[in-house]
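# Summary of the model geometry
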Amino acid sequence: QVQVVESGGGLVQPGGSLRLSCAASGSIFTIYAMGWHRQAPGKQRELVARITNRGSTSYADSVKGRFTISRDNAKNTMYLQMNSLKAEDTAVYYCNTVAQTLVPAGTRDYWGQGTQVTVSS
């Protein structure tokens, strides 16, 4: 099995910055795409940013130019640098990984428990 743990959330003022981390561990053979999703109260979960194992990235229009996704393949870790934060970025942020395992054999999505990001003065 694969465990996915997010960290780095918290309370920040508008215009501030936070850096989220996501660490995957367990019987991982390889990790393909990784992504950050968020869910605000009363709203559907949405994709924020995604990065492939080759480093190709994509972003939601609402965060382009403000957020940067990156990953360290050697550590099975992904990051989200969030700058110029706005109140509308307030949400629970979830890490998602597409990982191939040997035991049990197969490739599937794994999700973390989420980390709260609150942007407020």
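Conventions and cut-offs
- Residues numbered from 1 in each chain as written.
- Predicted model: local features only at pLDDT ≥ 70, side-chain atom pairs only at ≥ 80, totals over all residues.
- Heavy atoms only, no water.
- Salt bridge = Lys/Arg side-chain N within 4 Å of Asp/Glu carboxyl O.
- Buried < 20%, exposed > 50% of the residue type's maximum accessible area, 1.4 Å probe, protein only.
- Helix = DSSP H or I, 4+ residues; strand = E, 2+ residues; numbered from the N terminus.
- Phe/Tyr/Trp six-rings, centres within 6.5 Å; stacked < 30°, edge-to-face > 60°.
- Lys NZ or Arg CZ within 6 Å of the ring centre and 35° of its normal.
- Contact = heavy atoms within 4.5 Å.
- Polar contact = N/O pair within 3.5 Å; in protein donor to acceptor, adjacent residues only side chain to side chain.
- Patch = residues over 30% accessible without salt bridge, like charges linked within 9 Å, V, L, I, M, F, W, Y side chains within 5 Å.
- Areas by Shrake-Rupley, 256 points an atom, 1.4 Å probe, with all protein chains shown as cover.
- Core = buried A, V, L, I, M, F, W, Y, C linked by side-chain atoms within 4.5 Å.
- Disulfide = S-S within 2.5 Å.

## Remarks on the pattern of salt bridges
- Taken as a whole, this structure holds four salt bridges when the rule is applied.
- A salt bridge links E46 to R38; its shortest N-O distance comes to 2.7 Å.
- You can call R38 buried: its relative accessible area is 7%.
- For R66, the salt bridge goes to D89, with nearest N and O atoms at 2.8 Å. On the criterion of sequence distance, the pair formed by R66 in the loop between β6 (57-59) and β7 (67-72) and D89 in the loop between β8 (77-82) and β9 (91-101) is long-range, its members being 23 residues apart. Both residues of the pair, R66 and D89, belong to the buried class.
- Linked through salt bridges whose partners overlap, the residues forming this network are R38, E46, R66 and D89.

## Considering the packing of aromatic side chains
- Under the counting rule described, the total for this entry stands at zero aromatic pairs.
- Directly above the aromatic system of W111 lies the positively charged group of R45, at a separation of 4.9 Å from the ring centroid.
- The residue whose ring lies beneath R108 is Y110, and the NZ or CZ to ring-centre distance is 4.1 Å.

## As for the environment of D72
- Of note, D72 is situated in strand β7.
- Given the relative accessible area of 25%, D72 is considered partly exposed.
- With 47 residues separating them in the primary sequence, D72 and S25 have C-alpha atoms 13 Å apart.
- Setting aside anything within four residues of it in sequence, one finds D72 in contact with T77 and Y79.
- Within polar-contact distance, the side chain of D72 engages the backbone nitrogen of A74 at 3.1 Å.

## Section: a nonpolar patch on the surface
- A surface patch of nonpolar side chains, amounting to about 340 Å² of accessible area, comprises F29, L102 and V103.
- Summarising the element assignment, F29 is placed in strand β4 (residues 28-39).

## Thoughts on the nonpolar core
- Judged by nonpolar contacts, the single largest core of 30 residues is most densely connected at W36, V48, F67, M78, L80, M82 and Y93.
- Those elements giving two or more residues to this core turn out to be β1 (2-7), β3 (18-26), β4, β5 (46-51), β7, β8, β9 and β11 (115-119).
- If sequence neighbours within four positions are ignored, Y93 has contacts with E6, L20, W36, H37, R38, V48, F67, L80, M82, G114, T115 and V117.

## Quick notes on the state of the cysteines
- For the structure shown, the criterion picks out one disulfide.
- Across the disulfide, C22 is cross-linked to C95 (sulfur-sulfur distance 1.9 Å). Residues C22 and C95 are joined by a disulfide whose S-S torsion is about -65°; by sign, that bridge is left-handed. Here C22, found in strand β3, pairs with C95, found in strand β9; they are 73 residues apart in sequence, far enough to count as distant.

Fair warning: the whole summary comes from geometry, so function is off the table for now.
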